[in-house]
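So the chains spell out like this:
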Amino acid sequence: MNYSAQNSITIKRLRSSDSLILTFGNNGIPLFQAIDDVSGAVAPNWEVAANQPIRTPKITSTRGVAVDVMSHTWFYNGTELVFNGTEVGGWIEDSTGKFQINAQGSIKIVKNLASILNMAGDTLSYTAQAKVAGVEYELSGELDIVIQKMGASSYYASILADTEALSSDNPTTNITTKLFQGITEISSYHVKWFKDFDEWVEKSNQKNIQITRDDVGGAQLFIAEFSKDIGSPVIARAAIRIMDVSDDYKVVLDITSANKMVYVENGVNNNVTVKAKIVNMKTGAVYAPSNPTWRLDVMNREDWTSLKTSATDTITVTPAETDRDGNYFDVDVMAEVTFN
């Protein structure tokens, strides 16, 4: 089974029929801050060194070819960060004093981003210039910084992986979970795991799990449901996608409509159509098996439930999926296929 979700990584096709895959390593600290809108208290406090999240870009060739990363550029909410401060311990501060970078292109957040004036989520964007076999390519990706106004009964869950890209050289990854109630991290909770929509019973009630290449076909979405105790109501959900870059086949999703974003203009819905295909990662050729069984879903990124399902290789995203309860939401398109 191959499985993929749109808009979480960027894959560039190389002249050698190789692919470059961009993922982000981490130091085990979620990109999450909660703020109490009454007291202004923020947690975790990113001014404390032990609480500061780090994200490290990793560019991998599916053929194992050496990748030379020539430059790293980071953006905060669309504005390029200028790292012109003094270097301390291998880290250089940016002009805002909120971020630091090292020689590997890793970014560290060293100041609190949540405040009474900033209670909405932020975005870190990354662009790299990479060279493979003498040819230069540009890759880019985004990281969401979750900032939430938290009451005492609110919950937020996160999942982090040692690496999100498995290969023959790196066949396993460790997955850890965290749960926050209000502005406090809590340690007593139950986790139920799913591989897309199928419960992963053997991993039940494990807060931290190990995933191997045998658990991943091309790419796989793992969903965790959090509850206070076994059998009690679900209080939070989180998801992470793990890729196997050494697999022969991968599902690739393309936007085939003229519209690249969903919107409404003069009362007319402007929809986005997404089409899936199977690509042989060794040759770069599209593979068309006989009688494949497809499932495509438009996923709610707030709770990782399906908003819409298609039994074909194509699905259309409309405002019915993105516009809910008077708010606008981004969604993920997820695809899986079985074939002989």
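A few points on the structure. Counting of residues starts from 1 at the beginning of each chain's written sequence and follows it residue by residue. Local features are withheld for residues below a pLDDT of 70 in this predicted model, meaning they are given only at 70 or higher, and side-chain atom pairs are given and counted only at 80 or more; totals for whole chains, interfaces and linings count all residues. To obtain the side-chain values, all non-hydrogen atoms of the structure were included, while hydrogens and water were left out.

Some remarks on the overall build of the chain
Thought 1: Secondary structure elements follow DSSP: runs of H or I no shorter than four residues count as helices, runs of E no shorter than two count as strands, and numbering proceeds from the N terminus. Summing up its helical and strand segments, the chain has 1 helix and 34 strands in all.
Thought 2: Its C-alpha radius of gyration of 20 Å places the chain within 12% of the 20 Å reference for a compact globule of 340 residues.
Thought 3: Dimensions of the chain, computed from the C-alpha atoms along their principal axes, are close to 60 × 50 × 50 Å.
Thought 4: For the chain, the proportion of contacts with a sequence separation of at least 24, taken over those separated by at least 6, is 62%. Only the C-alpha atoms count toward the radius of gyration. The rule for a globule is 2.2 Å times the residue count to the power 0.38. Contact criterion: two residues are considered in contact whenever any of their non-hydrogen atoms come within 4.5 Å of each other.

Describing the nonpolar core
Thought 1: Think of a nonpolar core as a cluster: buried Ala, Val, Leu, Ile, Met, Phe, Trp, Tyr and Cys residues, connected wherever their side-chain atoms sit within 4.5 Å. A 1.4 Å probe rolled over the protein chains alone gives each residue an accessible area, and that area as a share of the maximum for its type sets the label: buried under 20%, exposed over 50%, partly exposed in between. Of all hydrophobic cores here, the largest spans 27 residues; its most connected members are Trp 74, Phe 99, Ile 109, Leu 113, Leu 124 and Ile 145.
Thought 2: If you list the elements that add at least two residues to this core, you get β3 (19–26), β7 (68–76), β11 (99–101), β12 (107–109), β13 (122–132) and β14 (135–149).
Thought 3: Here this core takes 6 residues from β14, the largest share from any one element.

Points about the environment of Gln 210
Thought 1: Looking at the secondary structure, you find Gln 210 in strand β21 (residues 209–212).
Thought 2: Assessed through its relative accessible area of 40%, Gln 210 is described here as partly exposed.
Thought 3: Taking the C-alpha atoms as reference points, Gln 210 and Asp 162, separated by 48 residues in sequence, lie 9.8 Å from one another.
Thought 4: Not counting residues up to four positions away in its chain, the partners in contact with Gln 210 are Thr 172, Thr 173, Asn 174, Lys 203 and Asp 215.
Thought 5: A polar contact is formed between the side chain of Gln 210 and the side chain of Asn 174, at a distance of 3.3 Å. Whenever a nitrogen or oxygen atom comes within 3.5 Å of another N or O atom, the pair is scored as a polar contact, on the condition that within protein one atom can donate a hydrogen and the other can accept it, and that pairs from neighbouring residues in sequence are kept only if both atoms are in side chains.

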